[in-house]
Each structure stands twice: as structure tokens, then as C-alpha cells.
Amino acid sequence: MTHLSRRRACQALAALVTIAAASGAVAQSSYPDKPVKVVVGFAPGGTNDILARLISSKLQERLKQPFVVDNKAGAASIIAAEYSAKAAPDGYTLFVASSGALTINPALYSKLSYDPAKDFTPVALLGSFPLVVAVNSASPIKDLKGLVEFGKQVPSGSVNHGVGSSTFQLAAEILARDTGLKFTHIPYKGTAPTLNALLAGDVTVAILDISPLVPQIKAGKIRALAVTTAKRSPILPDVPTVAEAGVAGYDVPIWTGLVVPKGTPPEVTNRLRDALKEILAEKDVIAGLEKIGMEPGNTDAAAFGRQIAGDLAKWTAVAKSAGIKAD
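Everything numeric in this text was worked out from a predicted model, so none of it was measured. (Residues numbered from 1 in each chain as written. Predicted model: local features only at pLDDT ≥ 70, side-chain atom pairs only at ≥ 80, totals over all residues. Heavy atoms only, no water.)

Topic: the packing of aromatic side chains
Within the structure shown, the criterion is met by four aromatic pairs. Between Phe-95 and Phe-120, the aromatic rings sit 5.8 Å apart at their centres with planes inclined by 40°, giving tilted as the arrangement. Remark: Phe-120 occurs in strand β4 (residues 120–136) and Phe-95 occurs in strand β3 (residues 93–98); sequence separation between them is 25 residues. For the pair Trp-255 and Phe-304, a centre-to-centre distance of 5.3 Å together with 85° between the ring planes defines the contact as edge-to-face. With Trp-255 in strand β9 (residues 253–261) and Phe-304 in helix α12 (residues 301–322), the pair connects residues that are 49 residues apart, well separated along the chain. Of the two residues, Trp-255 and Phe-304, neither departs from the other in class, the shared state being buried. Put simply, the rings of Phe-95, Tyr-114 and Phe-120 touch in pairs and so form one group of aromatic residues. Here the guanidinium or amino end of Lys-34 rests over the ring plane of Tyr-92, the centre of that ring lying 4.6 Å away. (Phe/Tyr/Trp six-rings, centres within 6.5 Å; stacked < 30°, edge-to-face > 60°. Helix = DSSP H or I, 4+ residues; strand = E, 2+ residues; numbered from the N terminus. Buried < 20%, exposed > 50% of the residue type's maximum accessible area, 1.4 Å probe, protein only. Lys NZ or Arg CZ within 6 Å of the ring centre and 35° of its normal.)

Some details on the side chain of Ser-84
Along the chain, Ser-84 falls in helix α3 (residues 78–86). Contact partners of Ser-84, with chain neighbours within four places excluded, come to Val-39, Thr-93, Phe-95, Phe-120 and Pro-261. (Contact = heavy atoms within 4.5 Å.)

Considering unusual backbone geometry
Keep in mind that most residues, glycine aside, have a negative phi and that most peptide bonds are trans. Backbone torsion omega between Tyr-31 and Pro-32 reads -5°, so that peptide bond is classified as cis. Residue placement: Pro-32 occurs in the loop between α1 (3–30) and β1 (36–40). In the Ramachandran plot, Ala-76 falls in the positive-phi region, its phi being about 55° despite a non-glycine side chain. Positive phi, normally seen in glycine, also occurs at Ser-77, with a value near 75°.

Put into C-alpha cells, the structure is as follows:
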């Protein structure tokens, strides 16, 4: 190659690098230039849906395009997860994913058509909240220690536990493992019918998400024995954690995060992450999350990825030891 040819080759390479850098900058500065779909795996009105609508409205304010919530409810978020995994990786389909979708379902179903590690890129942890170990207020069980003692006294040694989702069942199995309790799981189709069963006295105990329980607790109809997170909930400050109630090391938070299809350009995920970092620090957002019993998350995508992997390993082990499979 002549000196002139080498010089022209270097000039061409430099031009390509410049074009690539400029393209990335354009992608970041121009995104989004059309409406963005925000997929939720639950029906309107639930915790994840409320969170998704709050975050979407804030993203819309900042990024000047509609962020439209699309509820694809059913099959424990499998429908929404499969849809999102197959979407174009261009930043115009976001998935507000529950911990159940990314870590419980893969632990229970052997034939899922999506893989959290292979099909999604973590963007941000949006928020987390505790479950509540609860009994009917008419129950003689006053605290978690009383529940364990009750389990020793019933003839079968088994306590009827209302189950609204596989997540709640696995949380109960960890409690059973750590306390010696034995549960007979009574399945219901979601939180609402499980709560109704608890109110009617059809089950002894239920482990449920915090938001729908708070009004019933404040009305004196439900007694909260403990929350499942490592620290107390701001909206139930007088309710101890399971660990405080005597089960050392117990910590089962439920979380929701934002993920995108694998292959989405880093410029796009960075733009979303930058916006979310500001959004999650806003006072009205923090207040809105606290109303549904949720603690704001963060935009440390690497830490979020590690949490997904760690929780998946934990739930897989629990499901295996308890012999629970959903297939």
C-alpha cells in the first residue's frame, strides 16, 4: 500500500468513527421521536399499574413524547414478558417488570419462552415493597410467635394459608423453612379473593402485598403480624419485620423494575436512566410511592442486574426444596 493509500484509508476510518459517534449522539438526543409503549403485566389499578402510570407521566414530561401504558394482564405476567422480550430493541417498548416476572416465573416454569438474562437489559429498579403476614382481627393469633405456636397446636400441624400468587406462596415457604411452620396452601385467583377469604375467616393466615391490606388494617378488620422486608414500612411503622419478630435474616422484598429488550442501544437506555434518576428523587414521586407502600428504587443498572440474578437463584432453590412447580 502506498503512502497516499494509507493516508486515505486512515481518513476513511476516521470518518467512519466520526459518523458512528455522531449517530450515537443523534440517537440519544432524538430519542424518543414517537410514542413509547410501557407494558405492564397486571390489570389497571394494581400496585405495578399505579407505579407504571406515575413513572410514565413523568417520563412524558421530560422526554416530550407520550409514554402510553399497555396492560397485558394474565398468566402471572408471562404474557407481558413474552411480548416485551420479542419487541424491537429500539427503546419504544419498555417493560415495567415485577420481581415475579423476572425471578419467580423462571424458578417455577421450565418451558418459558423468555429468559430474563438473555432477553432483557436492566434499566432501573423503580421501587420495592414488603409483603405482610396477616390474620383476621378476630383471630387469637396476636403476633408471629403466636402463629408459630398455633401451628404446633393444630391437629395436623398445618396452618391454612391463603395464596394469591406463586410469589406469596414462596415467601410463605421461606417462613415455613425458617420457623418450622407447615402450611396448607389454599389457592385463590389473586390478592382480592385471598383478602376476602381472610376477612371471612376461610383461611388462618395470608401473606399479601401491602397496598390493599392497609385500609383493612386501619379499619381494624385485619391484624398485621409482620412485614417481610429487612426494615419496617413507613405506612405501617408499628408493625415489626419478620426478623424483628424472631426469624433472623428473613428478608423478602417485592420489587418492580424497568427493563428493555436486549440489544436496545446504550444511548437510549442511558437517556431513560438519566431521566429516571431525577424522577425517583422528586418529592411528589416519593410521596406517591409511599401511598402504595413502596420505597423508591435507584438507577444502578449493574446492581439491579445482580439483584435479578440473586433472586432467581434464591427462588429456584426455595421452589426446588418445597417441590413447587407451575408447569
